[in-house]
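Listed below are the residues making up each chain.
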Amino acid sequence: MACCCAVSEFDDTDIVVIKTKNMAAPIKVVVTGAAGQIAYSLLYQIASGAVFGPEQPVYLHLLDIAPMMGVLEGVVMELADCALPLLTGVLPTANPEEAFKDVAAAFLVGAMPRREGMERKDLLSANVRIFKEQGQALDKVARKDVKVLVVGNPANTNALICSKYAPSIPKENFTAMTRLDQNRAQSQLAAKLGVPVQDVKNVIIWGNHSSTQFPDASNAIAKINGTEKPVPAAINDDEYLRTTFVTTVQKRGAAVIAARKMSSALSAAKAASDHMRDWFLGTGDRWVSMGVVSDGSYGTPRDIVFSFPVTVSNGKWKIVEGLTISDFARQMLDNTGKELAEEKQDALDVCKD
């Protein structure tokens, strides 16, 4: 039986096409940093139907820097070798405008990693320039309804800058990933309660994807012996929920690096998949955490990208309204909001250079 795809001699403009029959029109999906660790776990999830559904073909655009094109060639080979029915084509490139052309979804994973001795401001300065360029490319060539998820850190502020330089695309179409933090928080609570992780819902991550984030279990619900109960009542330990629980989630990324000697790529890829799936397919009766442009809800600074609890229907997110904010929560929200406002100013200053 003849192979359905062939890879020609590799360069920036090669398009690898895998033909499919009797399927809906594919959507174009871009992943940046496509030769990196997170993308290595993420690409299979996208191409297998775990993100956009089992009947939606995808055409992958893979963006990375020119020195990584050799590694990317191997990734393209592996995608072909997976023989995935929903993967209709692959475009590897180092050209942002080529990568973002007509895309319906963008996973902005690629960013300079934080190195030992590097301050957060140093990381911000390096990465803001990357996301300014990518925002400009999205503005020029992407679909105007493109859904953009920023994973590369500092994710919240990178998303804000990306949106600023893509003025023709609605601000609500730019989001930052705090789903990894939500998944971590949900897992911690499930372990504490001794229930399956899917039986815990409505855990909230407020604010920045940083050590100032506020993992909030005050509205979470757990199914215990077939009955739904508020998590605070089920755990019955406010001290734990304000201290150990919060700090464990805040520092989980550092703990993974300390143990693995590498960053949490597998769980980050799963979280990116979860985030985009819920954005495209909806959340039902669950709340999920997404970094979105703040409208001032819950007393947060406006026009920063702040993580809120949201629901999603028909591709549109909506901030959950009417939640009670305790004095402790108020302090936590103010702290992370202050950090984001400072990051925003730093980023805008970098963009002026």
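None of the values given here were measured: they were computed from a predicted structure. (Residues numbered from 1 in each chain as written. Predicted model: local features only at pLDDT ≥ 70, side-chain atom pairs only at ≥ 80, totals over all residues. Heavy atoms only, no water.)

(A) Structural detail: the packing of helix α1 (residues 37-48) against helix α11 (residues 265-281). Relative orientation of the contacting elements α1 and α11 amounts to 40°, with a least axis distance of 8 Å. By the angle between their directions, the pair α1 and α11 is classed as oblique. The two elements α1 and α11 cross, and the hand of that crossing is right-handed. Contact residues: Gln37, Ile38, Ser41, Leu42 and Gln45 in α1; Ala265, Leu266, Ala268, Ala269, Lys270, Ala272 and Ser273 in α11. Residue composition of the contact of α1 with α11, by class: 7 nonpolar, 4 polar and 1 charged. (Axes fitted to C-alpha atoms, helices over the stretch in contact; angles between N-to-C directions. Helix = DSSP H or I, 4+ residues; strand = E, 2+ residues; numbered from the N terminus. Parallel < 35°, antiparallel > 145°, perpendicular 65-115°, else oblique. Left-handed = near helix turned anticlockwise from the far one by under 90°. Contact = heavy atoms within 4.5 Å. Nonpolar A, V, L, I, M, F, W, Y, C, P; charged D, E, K, R; others polar.)

(B) How the structure looks around the pattern of salt bridges. For the coordinates displayed, the defined rule picks out 15 salt bridges. Asp274 is paired through a salt bridge with Arg277; the nearest N and O atoms lie 3.0 Å apart. One end of the pair is Asp274 and the other is Arg277, both in helix α11 and 3 residues apart, which spans about a single turn. For Asp274, a relative accessible area of 2% translates into the label buried. (Salt bridge = Lys/Arg side-chain N within 4 Å of Asp/Glu carboxyl O. Buried < 20%, exposed > 50% of the residue type's maximum accessible area, 1.4 Å probe, protein only.)

(C) Examining the nonpolar core more closely. The biggest cluster of nonpolar side chains holds 79 residues, and the ones touching the most others in it are Ile46, Phe52, Leu62, Phe107, Leu189 and Phe245. With 7 residues, α11 is the single largest residue contributor to this core. Dropping the residues within four chain positions of it, Phe52 is found in contact with Ile27, Val29, Ile46, Val58, Ala105, Phe107, Met276, Phe280 and Leu281. Listed in part, the 25 residues of the second largest apolar core include Ala106, Val150, Ala155 and Ile169. (Core = buried A, V, L, I, M, F, W, Y, C linked by side-chain atoms within 4.5 Å.)

(D) Local environment of the layout of surface pockets. Its volume calculated, the second largest pocket comes out at about 480 Å³. As for the second largest pocket, its lining consists of 27 residues, of which Asn183, Gln186, Val197, Gln198 and Val200 are closest to the centre. Going through the elements one at a time, α6 (179-193), β8 (200-201), β11 (221-224), α10 (252-260) and α11 are the ones with two or more residues in the lining of the second largest pocket. In terms of residue class, the lining of the second largest pocket is made up of 7 nonpolar, 9 polar and 11 charged. (1 Å grid on protein atoms, 1.4 Å probe; cavity = no way out; pocket = protein on both sides within 12 Å on 5 of 7 lines; lining within 4 Å. Points joined across faces, edges and corners; volume = space filled by probe spheres on them.)

(E) Main features of the side chain of Asp216. Its place among the elements puts Asp216 in strand β10 (residues 214-216). There is no salt bridge for the buried Asp216, and the closest opposite charge comes from Arg242, which lies 8.9 Å off by N-O distance. Polar contacts involving the side chain of Asp216 include one to the side chain of Trp206, which spans 2.9 Å. Excluding anything up to four places from it in sequence, Asp216 contacts Val203, Ile204, Trp206 and Phe245. (Lys, Arg positive; Asp, Glu negative; His and termini not counted. Polar contact = N/O pair within 3.5 Å; in protein donor to acceptor, adjacent residues only side chain to side chain.)

(F) How the structure looks around the packing of α6 against α11. The contact between α6 and α11 brings their axes to 8 Å, and the two run at 105°. Here α11 runs roughly perpendicular to α6, going by the angle between their axes. Contacts from Arg179, Leu180 and Asn183 of α6 reach α11 at Ser267, Ala268, Lys270, Ala271, Asp274, His275, Arg277 and Asp278. When the residues that make up the contact of α6 with α11 are grouped by side-chain class, the tally is 3 nonpolar, 3 polar and 5 charged.

(G) Structural detail: the sheet that holds β8. Spatial ordering of the open sheet is given by β8-β11-β12, a layout of 3 strands whose pairing is antiparallel. The open sheet has two edge strands with one neighbour each: β8 and β12 (227-230). Inspection of the sheet shows β8 paired to β11 by 2 bridges, in the antiparallel sense. When the sheet's bridge partners are listed, Lys201 is paired in β11 with Ile221. (Pairing = 2+ DSSP bridges.)

(H) Layout of the environment of Phe100. The residue Phe100 is located in helix α3 (residues 96-100) in this model. Sequence-wise, Phe100 and Val246 are 146 residues apart; in three dimensions their C-alpha atoms are separated by 37 Å. Each residue touching Phe100, except ones within four places of it in the same chain, is listed here: Val30, Thr32, Leu63, Leu108, Gln134, Ala137, Leu138, Val141 and Ala142.

(I) Up close: the UniProt feature "domain: Lactate/malate dehydrogenase C-terminal" (unreviewed entry) in the protein. The feature "domain: Lactate/malate dehydrogenase C-terminal" (unreviewed entry), as annotated in UniProt, sits at residues 178-348 in this numbering. Each end of residues 178-348 is marked by a C-alpha atom, and these two atoms are 22 Å apart; helix forms 47% of the span and strand 20%. (UniProt positions renumbered as here; feature names shortened; annotations may be inferred.)

(J) Focus on helix α12 (residues 327-352). With 26 residues, α12 should reach 38 Å at 1.5 Å per residue; the first-to-last C-alpha distance of 38 Å fits that figure. For α12, the set of buried residues is Ala329, Met332, Leu333, Thr336, Gly337, Glu339, Leu340, Glu343, Ala347, Val350 and Cys351. (Expected span 1.5 Å × (residues − 1).)

(K) Expanded view of the pairing of strand β6 (residues 147-150). Both faces of β6 are covered, namely the face carrying Lys147 and Leu149 and the face carrying Val148 and Val150. Taken together, the 4 bridges between strand β5 (residues 105-108) and β6 define a ladder with parallel strand orientation. Among the inter-strand pairings, Phe107 is bridged to a residue of β6, identified as Leu149. In this view, the connection linking β6 to its parallel neighbour strand β7 (residues 174-176) by way of helix α5 (residues 155-164) has right-handed handedness. (Right-handed = clockwise from strand over helix to strand, strands pointing away.)

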